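# Coordinate inspection notes
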Amino acid sequence: MYDVIVVGARAAGSPAAMLFARAGYRVLLVERARFPRDTLSTLYLHQPGVAMLDRWGVLPEVVATGCPPIGRVRYTTRGLTLEGCSWPVGGHRHTYAPRRHLLDSVLADAAVRAGAEFRDDCTVTGLVFDEGAVTGARMSSGTAGELVERAALVVGADGMRSTVAAAVDASLVVEDPTLTCVYYTYWADLPATFELYDVPGHWVGLVPTNDDATLIAAYRPQAEFGRVRSDALQSFLTGIEQTSPEVRERMAAGRRIGRMLGTGDQRNFFRRAAGPGWALIGDAGHHKDSITAHGITDAFTQAQLLADCVGEDLHDPQRLQAALDRFATRRTELLLPEYRNTLATAKLDPPAHRMQMLQAIATSEELTDRFFSTWSGACPVDEFVTPELLDLVEAQEVMAHNP
């Protein structure tokens, strides 16, 4: 009998297992893949994510993987370039983008050190119910065969196609259409910072990662996925050329060192977050387009939030349910603003009036950093527009009409 079973050991599951184990609970962490193993990811950690790694005491291990610190963001749109950096969070202004087989292993190891039992190569096939409440999980392992494990709380951190979510029939409480498809690969001999480029119908991102490699991702409208998939590499290169000839030229001096990876299944939703004896975190409970690279940071946020809400209330059913209800409400409150911002970006069709605001932002280093702080989550989106910014936009409009 365990206190908590966490299904999925990646960016949401391992931190949750670690936090529950540190709180003194008996925790079982299961993962269907055999670690270490890569997964589709934009890799990037925003400043709040770095701060949480530091709070948990695992940031030094992430840095020790060799992923370079990232101290600048460069964003180019329609010939205008903004360069700066988000405000610091928890004293951290530099960010990182570790490869997932490294990051996920660091997090799983931290969970084990905290006291969690970890079983990889172990697949959850279903849940156990008692009078409508989840009381355990059925699982299959190549070494132990099929078995049932019991727990007061089962946490689904098993991705967008979550087995746990399906078993509890977690309904969608927010859902929007899929907007983009993406292909990415790794490039050598391509020095970069965190770089973003867009033109209508295209979005390209560069992220430096381990082994002096740079991840390059190219986004297109979801409606083009069939054509893009038919010749992924050529579509990828053509899209970059159309978005930023300068990046394509830099790529020509380097070389591709990974295969093409991609997806046309970037769903946008919030599922019901919790119920009797169960909770969903990470992509299992909330998924959005990867274009703003918030998946890992959001996963960390949900793991910490769930552990904080449950606290010492795990073994009192009424108090546990109240804690899970608090988690569900707070999760949506925290993540919905960035969800809406991400959907706006993923339309790949920035409104013309936005350029006037960006031109005003570009005149001020402080406003540029504030702008990037809205991307990282250090500055709430609804606090971005200031009287100073409105005055600058008005001045830009005057200059446009009186050249």
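Before going into details, it helps to say that this report is about the structure given with it.

How each quantity is defined
- Residues numbered from 1 in each chain as written.
- Predicted model: local features only at pLDDT ≥ 70, side-chain atom pairs only at ≥ 80, totals over all residues.
- Heavy atoms only, no water.
- 1 Å grid on protein atoms, 1.4 Å probe; cavity = no way out; pocket = protein on both sides within 12 Å on 5 of 7 lines; lining within 4 Å.
- Points joined across faces, edges and corners; volume = space filled by probe spheres on them.
- Helix = DSSP H or I, 4+ residues; strand = E, 2+ residues; numbered from the N terminus.
- Nonpolar A, V, L, I, M, F, W, Y, C, P; charged D, E, K, R; others polar.
- Buried < 20%, exposed > 50% of the residue type's maximum accessible area, 1.4 Å probe, protein only.
- Pairing = 2+ DSSP bridges.
- Contact = heavy atoms within 4.5 Å.
- Axes fitted to C-alpha atoms, helices over the stretch in contact; angles between N-to-C directions.
- Parallel < 35°, antiparallel > 145°, perpendicular 65-115°, else oblique.
- Left-handed = near helix turned anticlockwise from the far one by under 90°.
- Right-handed = clockwise from strand over helix to strand, strands pointing away.
- Phe/Tyr/Trp six-rings, centres within 6.5 Å; stacked < 30°, edge-to-face > 60°.
- Lys NZ or Arg CZ within 6 Å of the ring centre and 35° of its normal.
- Salt bridge = Lys/Arg side-chain N within 4 Å of Asp/Glu carboxyl O.

Estimates place the volume of the second largest pocket at around 790 Å³. Secondary structure elements with two or more residues in the lining of the second largest pocket: strand S11 (194–199), strand S12 (202–208), strand S13 (213–221), helix H10 (317–346), helix H11 (353–361) and helix H12 (365–376). By residue number, the principal contributor to the lining of the second largest pocket is H11, which donates 5 residues. Of the residues contributing to the lining of the second largest pocket, the split by class is 24 nonpolar, 10 polar and 4 charged.

A separate point is the pairing of strand S3 (residues 73–77). Two faces belong to every sheet, and in a regular strand the side chains alternate between them. Counting buried positions over the 5 residues of S3 gives 4, a clear majority of the element. Note: S3 against strand S4 (residues 80–84), 5 bridges, orientation antiparallel. Across the sheet, Thr-76 pairs through a bridge with Thr-81, a residue of S4. Where S3 folds back on S4, the antiparallel hairpin that results is connected by 2 residues, among which Arg-78 adopts a positive phi of roughly 50°. As judged from the 5 bridges shared by S3 and S11, these two strands associate in the parallel manner. The residue of S11 that forms the bridge with Thr-76 is Tyr-197.

Turning our attention to the side chain of Thr-292. Structurally, the position occupied by Thr-292 is in the loop between strand S19 (286–287) and helix H9 (295–310). Not counting chain neighbours up to four residues away, the residues in contact with Thr-292 comprise His-46, Glu-338, Thr-342 and Thr-345.

For the rest of this paragraph, the subject is the packing of helix H1 (residues 13–22) against H9. Across the interface, H1 lies against H9 with an axial gap of 8 Å and an inter-helix angle of 25°. It follows from the interaxial angle that H1 and H9 lie roughly parallel. Note on packing geometry: the crossing formed by H1 with H9 is right-handed. Residues Pro-15, Ala-16, Leu-19 and Phe-20 of H1 touch H9, and the partners they reach there are Phe-300, Ala-303, Gln-304, Leu-306, Ala-307 and Val-310. Residue composition of the contact of H1 with H9, by class: 9 nonpolar, 1 polar and no charged.

Strand S1 (residues 2–7) sits mainly inside the fold: 6 of its 6 residues count as buried. Relative to strand S2 (residues 27–31), S1 runs parallel, the two being bridged by 4 bridges. By the bridge assignment for S2, Ile-5 is matched with Leu-28. Regarding the hand of the β-α-β motif, the stretch spanning S1, H1 and S2 is right-handed.

It is worth spelling out the packing of aromatic side chains at this point. For the structure shown, the criterion picks out 15 aromatic pairs. Taken together, a centroid distance of 6.1 Å and an interplanar angle of 55° make the contact between Phe-371 and Phe-384 tilted. Of this pair, Phe-371 sits in helix H12 while Phe-384 sits in the loop between H12 and helix H13 (387–401), and the two are 13 residues apart along the sequence. Note on Phe-372 and Trp-375: the rings are 5.5 Å apart at their centroids and 70° apart in plane angle, and the pair reads as edge-to-face. One end of the pair is Phe-372 and the other is Trp-375, both in helix H12 and 3 residues apart, which spans about a single turn. In this structure Phe-372 comes out as buried when scored by relative accessible area, which is 3%. Pairwise contacts between aromatic rings join Tyr-75, Trp-203, Phe-371, Phe-372, Trp-375 and Phe-384 into one cluster. Taking the ring centre of Tyr-2 as reference, the NZ or CZ of Arg-26 above it sits at 4.2 Å.

On to the pattern of salt bridges. The tally for this structure, following the rule as stated, stands at 21 salt bridges. Across the pair Glu-333 and Arg-330 runs a salt bridge, and its minimum N-O distance is 3.4 Å. Of the two residues, Glu-333 and Arg-330 both sit in helix H10, 3 residues apart, roughly one turn of that helix. With relative accessibility at 48%, the residue Glu-333 sits in the partly exposed group. Look at the salt bridges and you will find they share partners, linking Arg-74, Glu-83, Glu-195, Glu-246 and Arg-250 into a network.

Let us look at the sheet that holds S19. Strand pairing in a sheet is mediated by backbone hydrogen bonds. Such pairs are either parallel or antiparallel. Read from one edge to the other, the open sheet built from 3 strands follows the order S9-S16-S19, with strand pairing classed as antiparallel. Across the chains shown, the open sheet's two edge strands, defined by having one partner strand only, are strand S9 (172–176) and S19. With 2 bridges connecting them, strand S16 (residues 268–271) and S19 associate as antiparallel partners. Of the residues in S19, the one forming a bridge with Phe-269 is His-287. Its contacts with the sheet place H10 against S9, S16 and S19, and it is angled at close to 170° to S16.

Turning our attention to the packing of helix H7 (residues 232–243) against helix H8 (residues 245–252). At a minimum axis distance of 5 Å, the contact between H7 and H8 shows a crossing angle of 130°. Taken together, the axes of H7 and H8 are oblique relative to one another. Residues Phe-236, Leu-237, Ile-240, Glu-241 and Thr-243 of H7 form the contact with H8, whose participating residues are Pro-245, Val-247, Arg-248 and Met-251. Residues of the contact of H7 with H8, tallied by class, amount to 6 nonpolar, 1 polar and 2 charged.

Function cannot be inferred from these measures alone, as they are strictly geometric.
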